Structures are given as C-alpha cells and as structure tokens.
Amino acid sequence: NIMRKAARKNPNAMVIVVGCYSQLKPDEVGHIEGVDMVLGTQEKFHIPAYLGNLEKKKSTEIKITLLADIKNYHKAFSWGDRTRSFLKVQDGCDYYCSFCTIPYARGKSRNDNIENTAREARKAVEKGYKEIILTGVNIGDFGKSTGENFLDLIKALENVEGLKRLRLGSIEPNLLKDEIIELVAGSKVIMPHFHIPLQSGSDEILSLMKRKYSTDLFAKRVKRIREIIPHAFIGVDVIAGTNGETETLFNESYDFINGLEISQLHAFTYSERSGTQALKIPWKVEVEERKLRTQKYINLSEKKLHAFYEKNLNTEQTVLFEEQSKKDRMVGFTENYIKVETDHNRDLVNELRKVTLKSIRPNGNVSIEFAD
C-alpha cells in the first residue's frame, strides 16, 4: 500500500524498494505498479550507485545478491534530532527459528571488529550524544566473524571517553551470560536495562519454535538479574497465537510470565511468513483468538510496568532528557528506563539531571522533582 501510494503521489519520482521484503520476494515487489527498482540486503547500502539520472524506468530493475553470497558488513550509527544514538554492532542471524524469515533475508551472523566498532561509538560521542544503544539482529552473537565476543565488546565500549550511557539492545537468553549481568551490575556507564526475547512461556512451544533455551534457563536469567541489580528494567518479547499454541499451552505461558519479576512485555500477534517451518505445525489459532491472547499479554504488561514504576517512586534517579516534546511538556528516561515527564525547558535537552520520582501520571509517565 505504501509503495502504491508513493507512486501515485509522486508519479515522476523514482521509487526504490529496499529491505527484507525485497530480498525475500523481489519478483513480488517488482510487479507492484510504479516501482522502478528493487534492491536486496547488500545492495541497499549502495543506493547512489544505482540512481543514474533519476528518471522513471520502463520496467522494474531488480538487483539482488544470493543469500549465500551476502557476507559484507556495513557499519552504521544513527544521528539527527534524537538525543540517543543507535549503534549497529552486528547483522544477520544463524538461528533458524521456525517462525522467522530474518536469516533468509539478512544472511549469516557477522560483525566488524571491536576496535572499529569502538571507533564508531567515539564518532557518535563526538556528535554530542551522551547515550548509545546497541542494535543488531542478534547482538549477543557478536564476534562470530572476528573471533571476539560480546562481553569484550561492551567492556571496550564502556571505556569510550565521553560516553555517559551505554544501553544494551535485545539479547537472546542463552547468550546473556552471568559475566555480562555482573559487568552491568558493576558499571557506571552500562545501564541497568535488559531486553530479553522469550517468545513463549511454554517449553513445548519453545521447542516448536526451535528456540535455544528453556523456560527454566530464562527464569534463572531473570532471577540472577534481580539478585544483583534489583532495580534493573527487564523487558521481554512474547508472541501470541503461534501455530501449535493450544489454549492450555497459552495459559501455561501466561502463568509463567505472570510469575516472573519483569518490568514490561512487548507482545506480538503471530502472523504467518511464507517459507517458514512454522507453517507445517498443526493446530492453527484463529486470528481473533490470537488478538485476544495478545491483549491479555498487553494487560499483563501494563500491570507489570505500573508495579515496577511504583516500586521506584520516591527514589533519586538520573534522567537524560529527550529532544522530542509535546506542546509544553517534555520527557526523559532514568538509567533503568523509567519514562519521566516535566515542563518543557529547552535547556534540559540532552542533559543529565538528578531527580526524585514523585508519582505516576494518568498517561503512565512519572512526575519528578529536581534534586538541584
């Protein structure tokens, strides 16, 4: 729909489609009216080389590298109006989960070396960013292509001069080793914030998904974090209504997650992806039932987040204030990812300030009192 809309609104503009969809189904994308060019996973990093004279094409051009030949790694970090920079540290995935198409679209797990990655982080700091968030398809798998490891990477990034905050992206539970948790616990730079994909709280469903951990291992990870970083934010991904998820197995998953001392759920409704092994799994959940289960997870998430926020009320925290604002209000985040709100003050943007968390507002944000 977006592609067709772009072509209609800009009939003389060149329309180039890139991303996982392009890599997976280039012919399907190429048959959409108005699309001039389809670029795959590797080609999207070289768009200027394909632009030519910017004139509409008589027929769609498709430029795709075969999956087996996708080996290059392209470094990147975000910059612009935001006060936090997202630093890419890894790409691709070697985990062929039954519901996912990413390995078929992004290729093998790969990364740059630690030295070059730290150099990119320094560039972000030089642009004025105080906080860097690590991103990638499977960041805990860092080091596959360079003989290094994720623990040594974050140790190096922790020592980047001028960096005030380092926030970890999503890490698979089997790759979130105790050494990483312990490093975060003792660090003044790495934030007490974990995002751990669970996907299901049922071991039977985890097996069908071909995940590389059990609920027991996941529970141990959460317990270890709470033991040594009791105030840490723990976000968890979960998928509702995947093939094979009977009502009994959903309830099993829900009860498991309800019993975890986590901070928030990111709940996704399962949707079929052509070419995935999950399509072969018997017992399909009706779409409406998937949505109902997702909503149950969302309700649970709101309860968990409220409890986590309440637990932190009347504590002193350090907040990094955001550029974005709504009317006369602005927001920021504590080290453990609590979203606070205050009157807009341009002088606070990208500044770290000590505050006391006072109360939870009707919109879910926390009101604050400045300590200085």
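Fair warning: this is a prediction, and the values are worked out from it, not measured in the lab.

Visitor: Looking at this structure, how should I read the environment of Tyr-50?
Guide: Its location among the elements puts Tyr-50 in helix 4 (residues 47-50). Take Tyr-50: its relative accessible area is 24%, and that puts it in the partly exposed class. Sequence spacing of Tyr-50 and Leu-39 is 11 residues, and the spatial spacing of their C-alpha atoms is 9.2 Å. Aside from chain neighbours lying at most four places away, what touches Tyr-50 is Met-37, Leu-39, Glu-43 and Lys-63.

Visitor: Explain the sheet that holds strand 2 (residues 37-39) here, please?
Guide: The strands that make up a sheet pair up through hydrogen bonds in the backbone, lying either parallel or antiparallel. On the basis of which strands lie adjacent, the open sheet formed by three strands has the order 1-2-3 and parallel pairing. Whereas interior strands pair on both sides, the edge strands pair on one side only; in this sheet they are strand 1 (16-18) and strand 3 (61-63). Adjacent strand axes in the sheet meet at a mean angle of 15 degrees, parallel and antiparallel pairs treated alike.

Visitor: Teacher, can you tell me more about unusual backbone geometry here?
Guide: Leave glycine aside and you will find that most residues have negative phi; peptide bonds, for their part, are mostly trans. A positive phi angle, close to 65 degrees, is found at Tyr-337, a residue other than glycine. If you trace the backbone, Tyr-337 turns up in the loop between strand 11 (329-334) and strand 12 (339-343). Taking relative accessible area as the criterion, Tyr-337 reaches 23% and is therefore assigned partly exposed.

Visitor: Explain helix 12 (residues 287-312) here, please?
Guide: The α-helix winds at 3.6 residues per turn, so residues separated by three or four positions along the chain end up facing the same way. Between its first and last C-alpha atoms helix 12 spans 38 Å; for 26 residues at 1.5 Å apiece the expected length is 38 Å, and the two agree. Buried residues of helix 12: Arg-290, Arg-293, Thr-294, Tyr-297, Leu-300, Ser-301, Lys-304, Leu-305, Phe-308, Tyr-309 and Asn-312, and no others.

Visitor: Got a minute to help me understand the packing of aromatic side chains in this structure?
Guide: The relation between two aromatic rings is expressed through the spacing of the ring centres and the mutual angle of the planes. Applying the stated criterion to the full structure yields nine aromatic pairs. With a centroid separation of 5.5 Å and an interplanar angle of 85 degrees, the aromatic rings of Phe-233 and Phe-308 are classed as edge-to-face. With a gap of 75 residues between them, Phe-233 in strand 8 (residues 233-240) and Phe-308 in helix 12 connect regions that are remote in the sequence. Between Lys-212 and the ring centre of Tyr-95, over which it is positioned, the NZ or CZ distance is 4.8 Å.

Visitor: Looking at this structure, how should I read helix 6 (residues 114-126)?
Guide: The end-to-end C-alpha distance of helix 6, which contains 13 residues, comes to 18 Å, matching closely the 18 Å that a straight helix rising 1.5 Å per residue would cover. Those residues of helix 6 lying buried are Ile-114, Thr-117, Ala-118, Glu-120, Ala-121, Ala-124 and Val-125. Down the axis of helix 6, the buried side of the element spans an arc of 155 degrees, and every buried residue falls inside it. Among the exposed residues of helix 6, those oriented more than 90 degrees off its buried face are Glu-115 and Glu-126. Next to the buried residues of helix 6 lie strand 4 (84-88), strand 5 (131-135) and helix 7 (150-158). The N-cap of helix 6, judged by a side-chain oxygen 3.3 Å from the amide nitrogen of Glu-115 a few residues on, is Asn-113.

Calculation rules
Here the residue numbers are simple positions, counted from 1 along each chain's written sequence. A pLDDT threshold of at least 70 governs which residues receive local features in this predicted model, and a stricter bar of 80 or more applies before side-chain atom pairs are shown or counted, although totals over entire chains, interfaces and linings include all residues. Processing note: side-chain calculations cover all non-hydrogen atoms of the structure and skip hydrogens and water entirely. Put simply, DSSP marks the helices as runs of H or I at least four residues long and the strands as runs of E at least two long, and each gets a number from the N terminus on. Throughout this description, buried means an accessible area under 20% of the type-specific maximum (1.4 Å probe, protein chains only), exposed means over 50%, and partly exposed covers the range between. Contacts between residues were defined by any pair of non-hydrogen atoms, one from each residue, lying within 4.5 Å. A pair of strands is considered paired only if DSSP assigns at least 2 bridges between the two. A fitted line through C-alpha atoms serves as each axis, taken over the contacting stretch for helices, and the angle formed by two N-to-C directions is quoted from 0 to 180°. Under the convention used throughout, the expected extent of a helix is 1.5 Å for every residue step, that is, one less than its residue count. Any two rings among Phe, Tyr and Trp, with Trp reduced to its six-membered ring, count as a pair given centres within 6.5 Å; such a pair is stacked if its planes are under 30 degrees apart, edge-to-face if over 60, and tilted if neither. Charge-over-ring contacts are defined here by two conditions on Lys NZ or Arg CZ: a distance within 6 Å of the ring centre and an angle within 35 degrees of the ring normal. Think of the arc as the fan of directions from the helix axis to the C-beta atoms. As used in this structure description, the phrase polar contact means that two N or O atoms lie within 3.5 Å; if the pair is within protein, one of them must be able to donate a hydrogen and the other to accept it, and residues adjacent in sequence are counted only when both atoms belong to side chains.

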